[in-house]
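# Report on the structure
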Amino acid sequence: KKVLIVGGVAGGASAAARLRRLDEKAQIILFERDDYISFANCGLPYYIGETIKEREKLLVQTPEAMKARFNIDVRINSEVIGIDTEKKLVTVRSKGQGIYEESYDDLVLSPGAKALRPNIPGIESAKIFTLRNIPDTDRIKAYVDHKGINSAIVIGGGFVGVEMAENLVERGLKVTLVEAAPHILAPFDSDMVVMAEKELVENGVGLILADGVKAFKEIGSQIEVTLSSTKMVSADLVILAIGVAPDTAFLKDSGLKLGPKGHIVVDERMQTNVKGVYAVGDAIEVVDFITGEKTAVPLAGPANKQGRIAADNIAGLNSIYKGTQGTSILKVFSLTAASTGANERTLQKANLPYRVVYVHPVAHASYYPAALQLTLKLIFNDQGQVLGAQGIGYDGVDKRIDVIAAVIRLKGTVDDLAELELAYAPPFSSAKDPVNMAGFAAQ
Ligand code: FAD
């Protein structure tokens, strides 16, 4: 069996490794457009901020190691530019070998997403950066390392924008964060996110909310940004982090079904509308685990799981993807913000009734030193089924959201949260864990 994989990072590399474990004999060829496979996308902001000091640490796998360990034929600098699903062929444009075709029995697509760069005046300026991969990272870091770079404007208050704002502050830059929506971090409701906004401001980030970008203009060594409100801000560089779009233009004439925004449509086995062609990761449409509606969730955990499921199905196992609940977490200076499942906005849009409780327990026994408060918001329906949770605080937010994420995945209720027996000693929790407390408040 010959399997081709397009894209060599989160979803693609997972699919390749899993397939090799299930099938020792399959011929597996992995095409990657760039120089690097299997790099740590999620670590990139922290390398720019110099918390991660060594660049090599970002490179999780090399083509040589993939060959030696998994016998996978990795072809970097090789872009798949077209697919003929009838003849079962892909067309590859390789830096070394020009254009050639390769046949397949099964095909896995994991091309990911690209950073949005909308067509606004001045967008072509070399002082405007987006962050997606290692070359982007090298460019931003080289620029920030330059003498005389003192300030930055980050546009977009999503995960990447907030992480970049923090990491540029760590590098000593004066940072302004501009967000078009009324609050940053869309997975959270506005009542929860205010703490994260306050933390940014207290750490010196200038925060401009509910204001979009109208134009960019280079003025001397600086770049000036005009906002919709006509307010102007200027700095030495701009990081544009306003979201991503699926990188699927090469599939235009392939006969593969794409969603309204260009995401690849797949079934629960990650198979596209064409038999033997699978797709995973940021490039696909998924089902929202809570609302059942079609959505897209560009996160690393889902991409890795989907890659594994595609490989299972190619190898004849009957693995099913049950949807994405969007569990996510973020460091905002000394705060942690995490969420899972649906927020109020999503439920309102889907017309699903819900109830909400908040608890503000301490992260561990209050008599043990450094007990800090956290806030948990729990969202559930009339039957008590847990639909979502958001947490924000200094310590122990991650494990509480992860426990609730597990309960949501198992379709558990607020009674289950109340009943859970969780690990307790004073340095770690209380006899009634914050997750239990949220369950009690909801009962
Ligand atoms: P990618 O990992 O992007 O891989 C796609 C690869 O396909 C790319 O290398 C691309 O060059 C290649 N490719 C595209 N088209 C072709 C083609 N036609 N031919 C050949 N190769 C092609 N997620 C989290 O869950 N937590 C985090 O903390 C987090 N932090 C992030 C921080 C940053 C700065 C970024 C950019 C992303 C972050 N993410 C995070 C998101 C996460 O990285 C993605 O969800 C995940 O990498 C998606 O995997 P993928 O395989 O779909 O795409």
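### A closer look at the pattern of salt bridges
Applying the stated criterion across every chain, the model contains 24 salt bridges. When the shortest N-O distance is used, the salt bridge between Lys 1 and Asp 106 registers 3.1 Å. In this pair, Lys 1 is assigned in the segment before strand E1 (2–6) and Asp 106 in strand E7 (residues 106–109), connecting sequence segments 105 residues apart. A residue is classified by how much of its surface remains accessible, and Asp 106, at 8% relative accessible area, is buried.

### Topic: the nonpolar core
Note that soluble globular proteins tend to have their nonpolar side chains buried in a common cluster. Core analysis: the biggest nonpolar cluster contains 47 residues, and Met 66, Ile 83, Val 90, Leu 107, Val 108, Leu 109 and Met 270 have the highest contact counts within it. Among the elements that make up this core, the one with the highest residue count is helix H1 (residues 10–22) (five residues). Setting aside its immediate chain neighbours within four residues, Val 90 contacts Leu 4, Phe 31, Val 80, Gly 82, Ile 83, Tyr 100, Glu 101, Glu 102, Tyr 104 and Leu 107.

### Observations concerning the sheet that holds E1
The parallel open sheet is built from five strands, whose spatial order is E3-E2-E1-E7-E18. Two strands bound the open sheet, and with one partner strand each, they are strand E3 (73–75) and strand E18 (277–279). Across the sheet, the mean angle from the axis of one strand to that of its neighbour is 15°, orientation sign disregarded. Of the pairings in the sheet, the one linking strand E2 (residues 27–31) to E3 comprises three bridges and is parallel in character. Bridge pairing in E3 places Ile 29 opposite Asp 73.

### A look at the sheet that holds strand E5 (residues 89–94)
Taken in spatial order, the three strands of this open sheet run E4-E5-E6, and their pairing is antiparallel. Two strands close off the open sheet at either side, each with one partner strand: strand E4 (78–84) and strand E6 (98–103). Strand after strand, the sheet turns through a mean of 25° between neighbouring axes, direction not considered. Here six bridges tie E5 to E6, and the two strands are oriented antiparallel to one another. Across the sheet, residue Val 90 finds its bridge partner in E6, namely Glu 102.

### Regarding a positive patch on the surface
Among the surface-exposed residues, Lys 305, Lys 322, Arg 409 and Lys 411 lie close enough to one another that they form a single positively charged patch. Mapped onto the elements of the fold, Lys 305 is located in helix H7 (residues 300–314).

### Some remarks on helix H3 (residues 63–70)
What H3 keeps buried is the set Pro 63, Met 66 and Phe 70. The buried residues of H3 all sit within an arc of 70° when viewed along its axis, so they share a single face. In H3, the exposed positions angled more than 90 degrees off the buried face are occupied by Glu 64, Ala 68 and Arg 69. Close packing links the buried residues of H3 with H1, E2 and E3. Backbone geometry just downstream of H3 places Asn 71 in the positive-phi region, at approximately 50°.

### Side note on a nonpolar patch on the surface
A cluster of nonpolar side chains, Tyr 367, Tyr 368 and Tyr 424, forms an exposed patch at the surface whose accessible area comes to about 360 Å². Within the secondary structure, Tyr 368 is located in the loop between strand E23 (355–359) and strand E24 (374–380). Relative accessible area serves as the criterion here: at 36%, Tyr 368 is assigned to the partly exposed category.

### Some details on the pairing of E24
Extensive coverage of E24 is indicated by the burial of seven of its seven residues. Here E23 runs beside E24; their pairing, made up of five bridges, is antiparallel. Within E24, the position partnered with Val 357 by the bridge is Leu 378. Connecting E24 to the antiparallel partner strand E25 (residues 386–393) that follows it, the hairpin turn spans five residues, and Gly 384 within it adopts a positive phi of roughly 90°.

### As for the layout of surface pockets
When its volume is computed, the second largest pocket comes out at roughly 160 Å³. Along the walls of the second largest pocket sit Val 266, Asp 267, Glu 268, Met 270, Ile 284, Glu 285, Val 286, Val 287, Lys 294, Tyr 321, Lys 322 and Gly 323, which together make up its complete lining. Its residues placed into classes, the lining of the second largest pocket shows six nonpolar, one polar and five charged.

### Here we look at the environment of Thr 336
Within the secondary structure, Thr 336 sits in strand E22 (residues 335–341). Residues Thr 336 and Leu 30 lie 306 residues apart in sequence; the distance between their C-alpha atoms is 37 Å. Discounting residues that sit within four places of it in the chain, Thr 336 has contacts with Ile 329, Leu 330, Gly 391, Ile 392, Gly 393, Tyr 394 and Val 397.

### Side note on the site of the ligand
Taken together, 28 residues lie near the ligand, and Gly 11, Glu 32, Ser 110, Arg 132 and Asp 282 sit nearest. Contact distances for the ligand include 2.8 Å between an oxygen atom and a backbone N or O atom of Gly 11. A distance of 2.6 Å separates an oxygen atom of the ligand from a polar atom in the side chain of Glu 32. Only H1, E4 and H7 provide two or more residues apiece to the shell around the ligand. Here the shell around the ligand takes three residues from E4, the largest share from any one element. Partitioned by chemical class, the residues of the shell around the ligand number 15 nonpolar, seven polar and six charged.

### Looking at the side chain of Asn 381
Topologically, Asn 381 is positioned in the loop between E24 and E25. Polar side-chain contacts of Asn 381 include one of 3.1 Å to the backbone nitrogen of Gln 383. Contacts of Asn 381, omitting those with residues within four sequence positions, involve Pro 353, Tyr 354 and Leu 387.

What counts as what
Residues numbered from 1 in each chain as written. Predicted model: local features only at pLDDT ≥ 70, side-chain atom pairs only at ≥ 80, totals over all residues. Heavy atoms only, no water. Salt bridge = Lys/Arg side-chain N within 4 Å of Asp/Glu carboxyl O. Helix = DSSP H or I, 4+ residues; strand = E, 2+ residues; numbered from the N terminus. Buried < 20%, exposed > 50% of the residue type's maximum accessible area, 1.4 Å probe, protein only. Core = buried A, V, L, I, M, F, W, Y, C linked by side-chain atoms within 4.5 Å. Contact = heavy atoms within 4.5 Å. Pairing = 2+ DSSP bridges. Axes fitted to C-alpha atoms, helices over the stretch in contact; angles between N-to-C directions. Patch = residues over 30% accessible without salt bridge, like charges linked within 9 Å, V, L, I, M, F, W, Y side chains within 5 Å. Areas by Shrake-Rupley, 256 points an atom, 1.4 Å probe, with all protein chains shown as cover. Lys, Arg positive; Asp, Glu negative; His and termini not counted. Charge placed at Lys NZ, Arg CZ, Asp CG, Glu CD. Arc of directions from axis to C-beta. 1 Å grid on protein atoms, 1.4 Å probe; cavity = no way out; pocket = protein on both sides within 12 Å on 5 of 7 lines; lining within 4 Å. Points joined across faces, edges and corners; volume = space filled by probe spheres on them. Nonpolar A, V, L, I, M, F, W, Y, C, P; charged D, E, K, R; others polar. Near = heavy atom within 4 Å. Polar contact = N/O pair within 3.5 Å; in protein donor to acceptor, adjacent residues only side chain to side chain.

Coordinates in, geometry out; function isn't part of it.
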